[in-house]
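Each chain, letter by letter, is given below.
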Amino acid sequence: MRRLHSFLGLVVAVLAVVLAISGAILSLDPALERWGSTIPANGQINVATLAGRVAQHYPGAEQIQRSPSGSVIVYYNQDGQTGVDRVDPQTGRGIVPHAVSPFSRWTKSLHRSWLLDTPGRVASGLIALAMLVLSVSGSVLLVRRLGGWRHLADSLRGNFIQRWHTQVGRVVVLGLLLSALTGLYMSAATFALISDGMQDEPDFPSAVAGGPAAPVTALSALVATDLNNLRELVYPSPGDSSGVYSLATDQGEGYVDPSSGALLSYQPYGGFRQAYELIYKLHTGEGLWWLALLLGLCALSVPLLSATGALTWWQRRQSMPRIVGNSAANLADTIILVGSESNSTWGFANTLHEALRKAGLRVHTAAMNQLAAEYPKAERLFILTATYGDGDAPSSANQFLARLGKVKSPSKIGFAVLGFGDRQFPQFCKFAYDVEATLLAQGWNRLLEIDTIDRQSGQAFTRWGNAVGQMIGHELNLVHTPKRPRTDAFELIERADYGEAVQAPTSILRFAAVPPQGFKGHVMGLLGGHGLPHFEVGDLLGVVPPGSAIPRFYSLASKSGDGFLEICVRKLPGGLCSEFLHGLPPGGRMDAFIQLHPDFRPAAGKAPVILIGSGTGIGPLAGFIRNNTGKHPMFLFWGGRDPASDFLYKPELDAYLADGRLTGLHAAFSRIQNGSYVQDRVLADATQLRELLENEAQVLVCGSRTMAKSIAQALDEILVSLNLSVATLKAQGRYREDVF
């Protein structure tokens, strides 16, 4: 689906932009016409009255038209000269000469037929079909990306360009769908693939009364027709005794006897004609000026969607490794399938691919979602996959398990699974374990026990390669250096140090963006922005320390709207990144990037929020409290060592208690007399917590894995009397963890 969406979008991008911009320009016409028209109330003016008023000013009137927007147009002949005027229906007096501007005609011709008549109309129909496919496929991709329809309004993941593409598409997709569907219908009607009902015309009357023509104001058929229902009234030719009035309304067409005023024949519109009239109105907005403006705004998004879509495709293509010597799937004896969200796993797969190829094997490497139904010559399958979010499949593997059952003769192919992840996340390599369990359940032959790679460890990858080499009987030396991620520079502007007295040096570090050099930096200076990328409290900061390409992740204690980037870091003995950060003086710089973590933040609403953490886990919790400007009920349970040395954020927390952003503070310290841990404090306040959880409170936990496990056990004990559990709260989306 993604390939179809990307390929079609790239092919039709320029043509779709032209069609969308011309459509947006035309969408202004109904509103402008409606703005200059007088619309009488229903029953106020009938067609006979209007014709009488027009006759006073246009004795040579030949035709009266009423546009869907309400303009009344008179075609007339005076002294041998023809003319067209827009008239006031209240008086029949001319307002201005009526003429469609050359620019409007040119734009309409461009929109309908690319100025090429029939071939252009075919092209417009095909572009409408492509827009329809893009809108549907984009909607499906959006729903999949967010995890289902019920998550359609959730926060978006991805980089800046991806988020813009998805966010704009989410807003305008219904308008684009309507325009594409109605445009496709009208193209089909133009080429008679669908009946438009225009063939159903009334029979021309075989005879008329034949007497002298009555005054137009006295013709009963015209008296009975309200002006707001009129489409067109065509006068009989002067001096033609057999001539009749031709009357068209929004319900049907007929002929009127000029002598008796009777309706001689009448043909109501059938179902096809009514359907065409409705779809024409929905596509052009004629008669629905407000809809035309909405559709025009949606059309203006197409250039932005095209540009961001093309950039997203280019970025994805650039981040993909070049697989040299990739054998066809039906010829390969070795298959490598890759599951990756950020494409970092592809680098490892490429190294394995090259090593196996040099060992004389025919190797086919592809994304896990490209799992084929049959590998006729394959002997072994290697699966290298990361895990995304809370144990989910990464984007290139999210269809793998569904397709797995369709593979023929799985028992003939041996497999080995290698998981990639970061042990600071609770669901470390969960998807890799899920894949292995499914393969075993479906009868696949395991060649190697599952192995895992923590934080792109090259040593662990080499070790696994040695095991693979022993298995295939050929020495493999897998040496892979991860590509250094793209980073921005940040400068330390403020720090607060704690914990030296309790042998737990911890610092709260606050950074500002380093302005880029050159023109971009000059423009940013003029605009006065802080230059920070977009991020929220609880997102992750990937810091790349000097001498390493592997980032270390820290939870953010601020959001970009705060104007600074803040993290809380404990110095670990021998920790390359933490020692580097603790050694930074004011003005020192680091290289880092933002990784979104939308699953760890309070849900929308006014339900109470219980924040629980220990040590540096207080960072994002303090950020949540800082931004609780609505002063919703928020309670903090936190554990440290000694209040005299490592009471992190104490001045800020006192201020938050005073101004109402923090409702209650419950701290515990372990290195004091009669000390306790945060889980002890949670149990001590069981009554209050039980009341809060009964009132739909949500819980956010941040800290060490051991602490989080103790907290879960304590809460399970508290929740027993409510017939609840932490597992239940997780399933309800009321319990979220960020542990390391």
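As the structure is a computational prediction, the values presented were derived from the model and not from experiment.

Trainee: Where do I start with the overall build of the chain in this structure?
Mentor: When helices and strands are tallied, the chain shows 21 helices and 25 strands. The C-alpha atoms of the chain give a radius of gyration of 36 Å, which is well past the 27 Å a tight globule of 740 residues would have. Buried positions account for 47% of the 740 residues belonging to the chain. At a minimum sequence separation of 6, the contacts of the chain that also span at least 24 residues come to 70%. Carbon and sulfur atoms provide 55% of the accessible area of the chain, an area that totals close to 35,600 Å².

Trainee: Just checking my understanding: could you explain unusual backbone geometry for this structure?
Mentor: Among all residues except glycine, the phi angle is most often negative; among peptide bonds, the trans geometry is most common. A positive phi angle, near 55 degrees, is found at Asp79, a position not held by glycine. Take Asp79: it is sitting in the loop between β2 (72-78) and β3 (81-87). A relative accessible area of 75% means that Asp79 is categorised as exposed.

Trainee: Hey, could you run me through the sheet that holds strand β19 (residues 565-570) in this one?
Mentor: Two orientations exist for strands paired in a sheet by backbone hydrogen bonds: parallel and antiparallel. If you walk across this open sheet you meet the six strands as β18-β17-β20-β15-β16-β19, and the pairing is antiparallel. One side of each edge strand has no neighbouring strand; the edge strands of this open sheet are β18 (552-555) and β19. Strand-to-strand twist in this sheet, taken as the mean axis angle between neighbours without regard to direction, amounts to 40 degrees. Direction of pairing for strand β15 (residues 488-498) relative to strand β16 (residues 506-513): antiparallel, over a ladder of eight bridges. Looking at the pairing, Glu494 lines up with Arg510 of β16.

Trainee: For this particular structure, what's the right way to read the pattern of salt bridges?
Mentor: A side chain with one charge can pair with a side chain of the opposite charge if their charged atoms come near. The tally for this structure, following the rule as stated, stands at 22 salt bridges. Put simply, Arg273 and Glu253 hold a salt bridge, and the shortest N to O gap is 3.6 Å. Pair noted here: Arg273 is in helix α8 (residues 271-284) and Glu253 is in strand β7 (residues 252-256), with a separation of 20 residues, a long-range link. On the accessibility criterion, Arg273 (7% relative accessible area) is buried. Ionic pairing is found between Asp659 and Arg661, a salt bridge with its closest N-O pair at 2.8 Å. Where salt bridges share partners, they join Glu494, Arg510, Asp562, Glu566 and Arg626 into one cluster.

Trainee: Can you help me understand a nonpolar patch on the surface in this one?
Mentor: On the surface, Val122, Leu126, Leu129, Phe191, Leu193 and Ile194 cluster together into a nonpolar patch covering about 530 Å² of accessible area. Here Phe191 is to be found in the loop between α6 (160-190) and α7 (220-223).

Trainee: Explanation requested: the environment of Ser137 in the structure shown.
Mentor: One can find Ser137 in helix α5 (residues 117-146). Accessibility expressed as a relative area gives 2% for Ser137, which makes it buried. When the C-alpha positions of Ser137 and Arg3 are compared, they lie 9.9 Å apart, and in sequence the two are 134 residues distant. Contact partners of Ser137, with chain neighbours within four places excluded, come to Met1 and His5.

Trainee: I tried to follow the sheet that holds strand β24 (residues 698-703) on my own but got confused; where do I start?
Mentor: Read from one edge to the other, the open sheet built from five strands follows the order β23-β22-β21-β24-β25, with strand pairing classed as parallel. Of all strands in the sheet, those with a lone pairing partner are β23 (664-669) and β25 (735-739), marking the two edges. Between one strand axis and the next, the sheet turns through 10 degrees on average, direction left out of account.

Trainee: Help me out: how do you make sense of the environment of Thr249 in this one?
Mentor: Relative to the helices and strands, Thr249 resides in strand β6 (residues 245-249). On the basis of relative accessibility, which here comes to 9%, the residue Thr249 falls in the buried class. Note: C-alpha distance between Thr249 and Thr225 (24 residues apart in sequence) is 8.3 Å. Beyond its immediate sequence surroundings of up to four residues, Thr249 is in contact with Thr225, Asn229, Arg231, Tyr266 and Tyr269. Polar contacts involving the side chain of Thr249 include one to the main-chain amide nitrogen of Gln251, which spans 3.2 Å.

Trainee: Where do I start with the packing of helix α19 (residues 686-694) against helix α20 (residues 705-719) in this structure?
Mentor: Think of two packed helices as two axes; the pair is described by the angle between the axes and how far apart they sit. Between α19 and α20, the shortest axis-to-axis distance is 10 Å and the interhelical angle comes to 75 degrees. Classified by the angle their axes make, α19 and α20 are roughly perpendicular. Two secondary-structure elements touch here, α19 through Ala686, Leu689, Arg690 and Leu693 and α20 through Leu715, Ile718 and Leu719.

Trainee: Sorry if this is basic, but what is going on with helix α4 (residues 102-113) here?
Mentor: Think of an α-helix as turning once every 3.6 residues; residues three or four places apart then point the same way. Counted at 1.5 Å a residue, the expected span for α4 with its twelve residues is 16 Å, and the 16 Å between its end C-alpha atoms agrees. Turning to α4, its buried residues number three or more, namely Ser104, Thr107, Leu110, His111 and Ser113.

Trainee: What is the right way to read helix α16 (residues 618-626) from this model?
Mentor: For α16, a buried count of nine out of nine residues is recorded, marking the element as mostly surrounded by other parts of the structure. Turning to α16, its buried residues number three or more, namely Ile618, Gly619, Pro620, Leu621, Ala622, Gly623, Phe624, Ile625 and Arg626.

Trainee: Mind showing me how you'd approach the environment of Arg403 here?
Mentor: With respect to the helices and strands, Arg403 occurs in helix α11 (residues 400-404). Judged by relative accessible area, Arg403 falls into the partly exposed class, the value being 33%. Apart from the residues lying within four places of it in its own chain, the contact partners of Arg403 are Asn369, Gln370 and Leu371.

Trainee: Which parts of the structure should I look at to understand the packing of aromatic side chains?
Mentor: Where two aromatic rings form a pair, the distance of their centres and the angle of their planes describe that pair. Evaluated as defined, the whole model comprises 15 aromatic pairs. Both rings, one in Tyr276 and one in Tyr280, keep their centres 6.2 Å apart while their planes meet at 25 degrees; by these two values the pair is stacked. In this pair, Tyr276 and Tyr280 both sit in helix α8, four residues apart, roughly one turn of the helix. The buried category is assigned to Tyr276, whose relative accessible area is 16%. Classification of Tyr280 by relative accessible area gives partly exposed; the value is 22%. Ring geometry for Phe553 versus Phe593: centroids 5.9 Å apart, planes at 90 degrees, classification edge-to-face. Of this pair, Phe553 sits in strand β18 while Phe593 is found in strand β20 (residues 589-595), placing the two residues 40 residues apart along the sequence. What makes Phe553 buried here is its relative accessible area of 15%. Against the face of Phe564 rests Arg510, its NZ or CZ located 3.7 Å from the ring centre.

Trainee: Quick question: what am I supposed to make of the pairing of strand β9 (residues 334-339) here?
Mentor: Each regular strand carries side chains that alternate between the two faces of the sheet. The element β9 is largely enclosed, with a buried count of six among its six residues. Burial along β9 is two-sided: the face carrying Thr334, Ile336 and Val338 and the face carrying Ile335, Leu337 and Gly339 are both buried. As judged from the six bridges shared by β9 and strand β11 (residues 380-386), these two strands associate in the parallel manner. Pairing of Gly339 across the sheet is with Thr385, part of β11.

Trainee: Is there a simple way to explain the side chain of Asn369 in this structure?
Mentor: Looking at the element boundaries, Asn369 is found in the loop between β10 (363-367) and β11. On the basis of relative accessibility, which here comes to 11%, the residue Asn369 falls in the buried class.

Trainee: Just checking my understanding: could you explain the side chain of Arg661 for this structure?
Mentor: Summarising the element assignment, Arg661 is placed in the loop between α17 (650-659) and β23. Looking at Arg661, its side chain comes within polar contact range of the main-chain oxygen of Arg626, at 2.8 Å. One polar contact links Arg661 to Asp659, side chain to side chain, over a distance of 2.8 Å. Excluding residues that lie within four positions of it along the chain, Arg661 makes contacts with Ile625, Arg626, Asn628, Lys631, His632, Met634 and Tyr656.

Trainee: How should the pairing of strand β12 (residues 414-421) be read in this particular structure?
Mentor: For β12, the tally of buried residues reaches seven of eight residues, placing the bulk of the element in the interior. Relative to β12, β11 is paired through seven bridges, and the arrangement is parallel. By the bridge assignment for β12, Ile383 is matched with Val417. Here two bridges tie β12 to strand β13 (residues 445-446), and the two strands are oriented parallel to one another. The residue of β13 that forms the bridge with Phe415 is Arg446.

Reading the values: rules and limits
Residues numbered from 1 in each chain as written. Predicted model: local features only at pLDDT ≥ 70, side-chain atom pairs only at ≥ 80, totals over all residues. Heavy atoms only, no water. Helix = DSSP H or I, 4+ residues; strand = E, 2+ residues; numbered from the N terminus. Rg over C-alpha atoms; globule rule 2.2 N^0.38 Å. Buried < 20%, exposed > 50% of the residue type's maximum accessible area, 1.4 Å probe, protein only. Contact = heavy atoms within 4.5 Å. Areas by Shrake-Rupley, 256 points an atom, 1.4 Å probe, with all protein chains shown as cover. Pairing = 2+ DSSP bridges. Axes fitted to C-alpha atoms, helices over the stretch in contact; angles between N-to-C directions. Salt bridge = Lys/Arg side-chain N within 4 Å of Asp/Glu carboxyl O. Patch = residues over 30% accessible without salt bridge, like charges linked within 9 Å, V, L, I, M, F, W, Y side chains within 5 Å. Polar contact = N/O pair within 3.5 Å; in protein donor to acceptor, adjacent residues only side chain to side chain. Parallel < 35°, antiparallel > 145°, perpendicular 65-115°, else oblique. Expected span 1.5 Å × (residues − 1). Phe/Tyr/Trp six-rings, centres within 6.5 Å; stacked < 30°, edge-to-face > 60°. Lys NZ or Arg CZ within 6 Å of the ring centre and 35° of its normal.

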